[in-house]
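Report on the structure
The residues making up each chain are set out below.
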Amino acid sequence: MSDYRWYRDMFLSKLCLRSDGAADYWKEIFISGLSRLFAEKPVISENANNDSYASDLEANNFQEPCLEMEFESQENAYSFYVQYAKCVGFGVSIKSSRRSKISRQFIDVKYACTRYGNKRESTSQNPRLCLKVDCKAGLHIKRRCDGKWVIHGFIKDHNHELFPTYAHYFPCHRSINKAQKQCIDTLQHVGVRTNKIYATMAKQHGGYEKVGCLEKDVRNHLDKERRLNLESGDANAMLECFMLMQEENPRFFYAFDLDDDGRVKNVFWVDANGRDDYQEFGDVILFDTTYITNKYKMPFAPFIGVNNHFQSRLLGCALLANESSESFIWLMKIWLRAMGGKPPNAIITDQDKAMKIVPPYTPQRNGVTERKNGTIVNMVRIMLKGKNFPKELQGEVVSTSAYLLNRCPTKKLKNITPEESWSRFKPNMSHLKVFGSIAYRHVLDKIIKKLDDKGEQMILVGYHSTGGYKLYDTINKRIVISRDMIIDELKEWKHE
């Protein structure tokens, strides 16, 4: 009970600092929640079936699945196998599933260890870590005519080490139930830090491994709530500020977008100067979303124009819940209404995919990144068509295009190459060869017979970070990296 008193005194002292009149309300909620937190009986999870399966597994010494074992539903079978996997120490993923052609209901599902499948081959400089080891362990269930599910196949053995002590790190074993969400929201509302919230949950459940989630999951939950849920005091303060500015100047314009629960999602405002400047300098508008460091981590979206003296003019501002098409559609409609329904001649933006719907008669201009991507796509198309290469080489051609562009001087960088700007060293160009040239790769003597050819004919398709060349083996359909070769730039491959 000493821990209970310590947490109570600490949190109530924080509540006393509130001045919005809601302290008494939150005191009552917090005291009741804290009493449950330190009660002798544990909080009942909303996934009661999962907990019962876990207790059954422990009581039966980690009972293994067996053939013809029945389940009332697919969800029960999945929960059983997940709990078994947690006790044993591996993760579970859905390998495949099949629906009935008549009823369109699932009739066959295969669950597998998360390390099933083969390692993917990557030629990138910093490839992503791949944990695939072709593990065959898994569970195969089928649906009978009476609606019940039975185990049709079960493979127990894994070809890798198992980690029952660290099973709670696997994504399939991590979730935040309804009771935990309520406790997290309550503690966060009274000003408790996220790491302290997670430590309190670990104390409640008897250890970090028994919480059922990680601190990262708690942070993600709180971030999601902050994105759409402004506190009543903040929203009222913003509204009062806008109303006061509108009283001082009736041409001040603002608008709120609310969700179904009455919470603020999006906010837009523009003053009289911005509306006047748009009438004079509204030909081309820059619209961009930039994340700013604030309590709610909401994207800040300004509308920027340029006057005759090349000075930036603010033509409106917005705080958005997210960068979705729905939010942009609402924002564009409100912004056009504030500007008298007159659309600009062009909008420059980095939101190419999300802003598919823009003001009428307004061409959308992509940002620098999109234009650079268009340059690479055009280079790839020309290189593939010019050398008559198959489309399966387009990944290597994209890499080669980016490699060459990074070694071409640009006006933006004052006629130096991006590679030099990044590394501070002028790149060496002497190794560059004609793309698609014929290359003869040397074959080691110890792997060939006496009268076999000592060279293999391949095609030059790119450059590797180690200083070697990327060669395409037309016979085995593979990419080879080599430095020991001869390149004939006067010959090129002729695809049959």
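For the structure, check the block above.
Residues numbered from 1 in each chain as written. Predicted model: local features only at pLDDT ≥ 70, side-chain atom pairs only at ≥ 80, totals over all residues. Heavy atoms only, no water.

In this section: the nonpolar core. Core analysis: the biggest nonpolar cluster contains 22 residues, and Phe253, Phe268, Phe287, Phe303, Leu331 and Trp335 have the highest contact counts within it. Secondary-structure elements contributing two or more residues to this core are strand S6 (253–258), strand S7 (264–270), strand S8 (284–287), strand S10 (299–306), strand S11 (312–319) and helix H10 (325–338). The dominant element in this core, judged by the number of residues it contributes, is H10, at 8 residues. For Phe268, the contacting residues outside a window of four places in its chain are Phe253, Tyr254, Ala255, Phe303, Gly316, Cys317, Ala318, Trp330, Leu331, Ile334, Trp335 and Ala338. Ranked by size, the runner-up nonpolar core spans 20 residues in total, among them Ala85, Val92, Cys135 and Ala137. (Core = buried A, V, L, I, M, F, W, Y, C linked by side-chain atoms within 4.5 Å. Buried < 20%, exposed > 50% of the residue type's maximum accessible area, 1.4 Å probe, protein only. Helix = DSSP H or I, 4+ residues; strand = E, 2+ residues; numbered from the N terminus. Contact = heavy atoms within 4.5 Å.)

In this section: helix H4 (residues 74–88). Taking 1.5 Å as the rise per residue, H4 with 15 residues should run 21 Å; its terminal C-alpha atoms sit 21 Å apart, in good agreement. Buried residues dominate H4, accounting for 12 of its 15 residues. Here H4 has its buried residues at Gln74, Asn76, Ala77, Ser79, Phe80, Tyr81, Val82, Gln83, Tyr84, Ala85, Cys87 and Val88. Of the residues flanking the end of H4, it is Gly89, one or two places downstream, whose phi is positive at about 110°. (Expected span 1.5 Å × (residues − 1).)

Another aspect to go through is the packing of aromatic side chains. Enumeration according to the criterion identifies 24 aromatic pairs in this entry. With 6.3 Å between their ring centres and 35° between their planes, Phe252 and Tyr254 make a pair best called tilted. A residue is classified by how much of its surface remains accessible, and Tyr254, at 21% relative accessible area, is partly exposed. Residues Phe303 and Trp335 carry aromatic rings whose centres are separated by 4.5 Å and whose planes lie at 5° to one another, so their mutual orientation is stacked. Of this pair, Phe303 sits in strand S10 while Trp335 sits in helix H10; the two residues are 32 residues apart in sequence, bridging distant segments of the chain. Here Phe303 and Trp335 have matching classes, each one buried. Taken together, the ring pairs in this structure connect Phe253, Phe268, Tyr278, Phe287, Phe303, Phe328 and Trp335 into an aromatic cluster. Lying across the ring of Tyr403, Arg407 places its NZ or CZ 3.6 Å from the centre. (Phe/Tyr/Trp six-rings, centres within 6.5 Å; stacked < 30°, edge-to-face > 60°. Lys NZ or Arg CZ within 6 Å of the ring centre and 35° of its normal.)

Taken in spatial order, the 5 strands line up as S1-S5-S4-S3-S2 in an open sheet, and their pairing is antiparallel. Sheet topology places strand S1 (70–71) and strand S2 (92–99) at the edges, where each strand pairs with a single neighbour. Relative to strand S4 (residues 138–143), strand S3 (residues 106–113) is paired through 5 bridges, and the arrangement is antiparallel. Note on S4: the bridge partner recorded for Ala112 is Gly138. Packed onto the sheet, H4 meets S1, S2, S3, S4 and strand S5 (149–155) and runs at close to 10° relative to S3. (Pairing = 2+ DSSP bridges. Axes fitted to C-alpha atoms, helices over the stretch in contact; angles between N-to-C directions.)

Quick look at the pattern of salt bridges now. Tallied over the entire structure, the rule returns 15 salt bridges. Taking the shortest distance from any N to any O, the salt bridge between Lys148 and Glu72 comes out at 3.9 Å. Highlighted residues: Lys148 in the loop between S4 and S5 and Glu72 in the loop between S1 and H4, separated in sequence by 76 residues. Owing to a relative accessible area of 27%, Lys148 belongs among the partly exposed residues under this scheme. For Glu396, the salt bridge goes to Lys470, with nearest N and O atoms at 3.3 Å. Linking Glu396 in helix H12 (residues 394–405) with Lys470 in strand S16 (residues 469–473), this pair joins segments that are 74 residues apart in sequence. In this pair, the class of Glu396 matches that of Lys470, namely buried. Sharing partners across several salt bridges, the network here consists of Glu70, Glu72, Arg144, Asp146 and Lys148. (Salt bridge = Lys/Arg side-chain N within 4 Å of Asp/Glu carboxyl O.)

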